[in-house]
Amino acid sequence: PTILGWQNQPLPFTLAVPLNAPKAVGVVFPGAAYGQDRPLCTIPRDVFVAAGTETILSTRYYGLDPALSALTGDDRESCIATDSGAFARAAFERAAGKPVILAGKSIGTSAMAHALIQVPDLAAGWSIWLTPLWKDEAVFAAIAAAGARAYVLIGTADPQWDQAILDALNKKAMKLTK
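Residues numbered from 1 in each chain as written. Predicted model: local features only at pLDDT ≥ 70, side-chain atom pairs only at ≥ 80, totals over all residues. Heavy atoms only, no water.

### Side note on the overall build of the chain
So, point 1. A tally of helices and strands in the chain yields six helices and six strands.
So, point 2. Of the regular secondary structure in the chain, the N- to C-terminal order runs β-β-α-β-α-α-β-α-β-α-β-α.
So, point 3. Whereas a compact globule of 178 residues would reach a radius of gyration of roughly 16 Å, the chain reaches 15 Å, a difference of no more than 12%.
So, point 4. Seen through its principal axes, the chain has C-alpha atoms that stretch 40 × 40 × 30 Å.
So, point 5. Relative to its 178 residues, the chain shows a buried fraction of 50%.
So, point 6. Taking the contacts inside the chain whose residues are at least 6 apart along the sequence as the reference set, 67% of them involve residues at least 24 apart.
So, point 7. Carbon and sulfur atoms make up 57% of the accessible area of the chain, which amounts to about 8,700 Å² in all.
So, point 8. In the chain, the 15 positive side-chain charges and the 15 negative ones have mean positions that sit 8 Å from each other. (Helix = DSSP H or I, 4+ residues; strand = E, 2+ residues; numbered from the N terminus. Rg over C-alpha atoms; globule rule 2.2 N^0.38 Å. Buried < 20%, exposed > 50% of the residue type's maximum accessible area, 1.4 Å probe, protein only. Contact = heavy atoms within 4.5 Å. Areas by Shrake-Rupley, 256 points an atom, 1.4 Å probe, with all protein chains shown as cover. Lys, Arg positive; Asp, Glu negative; His and termini not counted. Charge placed at Lys NZ, Arg CZ, Asp CG, Glu CD.)

Structure representation (structure tokens):
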């Protein structure tokens, strides 16, 4: 299938399909320069597929593509929003009533927040936030809204780490620990 994103250009991705009929559809959004071949992208993909989830793995790296790296401000945000919305709609359509699971690494968590805004029905599914950009209000709001359906993984040495954010999310009925 073709998924059209920013400036109506085809988005690069790989599709991993389980041996049996899919029980769900997953989308994995990589980091800006943290690719699909790295553990925090391969592990969710492999777990999803092993659990019977057809998985769309974005290979759009905003930090490695010179044209995308040159984007700044609103253009960069619009590009990420457009691409993530396109991936989200494609996953929702492919799921045809089955659950959709989102996973993202770093800037991929910003993509997840955009996806959840553009396709609100995805909020009923599970989400995995790997080193999230949770200082961004949209990312924080998306994690908080997901509540117990969100799995967050971030280390205290990560530049995004903030105990106050962890405390704020825990006040929203989440159970996060360091």
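Next comes the rest of the account.
### Concerning the nonpolar core
So, point 1. One finds Phe29, Phe87, Leu102, Trp129, Trp134 and Ile143 to be the most contacted residues of the largest nonpolar core, which totals 44 residues.
So, point 2. Taken together, the elements giving at least two residues each to this core come down to β2 (24–29), α3 (73–95), β4 (100–105), α4 (107–118), α5 (137–146), β6 (150–153) and α6 (163–171).
So, point 3. By residue number, the principal contributor to this core is α3, which donates eight residues.
So, point 4. Among residues more than four places away in sequence, those in contact with Phe87 are Ile3, Leu11, Pro12, Phe13, Val27, Phe29, Ile56 and Ser58.
So, point 5. One finds Cys41, Phe48, Ile101 and Ile128 within the second-largest nonpolar core, a separate group that totals nine residues. (Core = buried A, V, L, I, M, F, W, Y, C linked by side-chain atoms within 4.5 Å.)

### Focus on the side chain of Arg60
So, point 1. Tracing the sequence through the fold places Arg60 in the loop between β3 (53–58) and α2 (66–69).
So, point 2. By relative accessible area, Arg60 is classed as buried at 11%.
So, point 3. Excluding residues that lie within four positions of it along the chain, Arg60 makes contacts with Trp6, Leu11, Pro12, Pro30, Leu68, Cys79 and Asp83.

### Examining the environment of Lys171
So, point 1. With respect to the helices and strands, Lys171 occurs in helix α6.
So, point 2. Its relative accessible area of 75% is what places Lys171 among the exposed residues.
So, point 3. Once the C-alpha coordinates of Lys171 and Ile43 are considered, the two residues, 128 residues apart in sequence, prove to be 29 Å apart.

### Quick look at the packing of aromatic side chains
So, point 1. What the rule picks out here adds up to three aromatic pairs.
So, point 2. Pairwise contacts between aromatic rings join Phe13, Phe29 and Phe87 into one cluster.
So, point 3. Over the face of the ring belonging to Tyr34 we find Lys105, whose NZ or CZ atom lies 4.9 Å from the ring centre. (Phe/Tyr/Trp six-rings, centres within 6.5 Å; stacked < 30°, edge-to-face > 60°. Lys NZ or Arg CZ within 6 Å of the ring centre and 35° of its normal.)

### Observations regarding α4
So, point 1. With twelve residues, α4 should cover 16 Å at 1.5 Å per step; its first-to-last C-alpha distance of 17 Å lies within 8% of that length.
So, point 2. In terms of residue burial, α4 counts as a mostly covered element, since ten of its twelve residues are buried.
So, point 3. Within α4 the residues assigned to the buried category are Ile107, Gly108, Thr109, Ser110, Ala111, Met112, Ala113, His114, Ala115 and Leu116.
So, point 4. In this structure, the buried residues of α4 make contact with β2, α3, β4, β5 (127–130) and α5. (Expected span 1.5 Å × (residues − 1).)

### A word on the sheet that holds β4
So, point 1. Strand order in the open sheet formed by six strands is β1-β3-β2-β4-β5-β6, with mixed pairing between adjacent strands. Lying at the two open borders of the sheet, with one neighbouring strand each, are β1 (13–16) and β6. Each neighbouring strand pair of the sheet contributes to a mean axis angle of 10 degrees, computed without reference to strand direction.
So, point 2. Relative to β3, β2 runs parallel, the two being bridged by five bridges. Bridging across to β3, Ala24 finds its partner in Thr53.
So, point 3. Along the sheet face, α4 touches β2, β4 and β5 and points at about 145 degrees away from the line of β4. (Pairing = 2+ DSSP bridges. Axes fitted to C-alpha atoms, helices over the stretch in contact; angles between N-to-C directions.)

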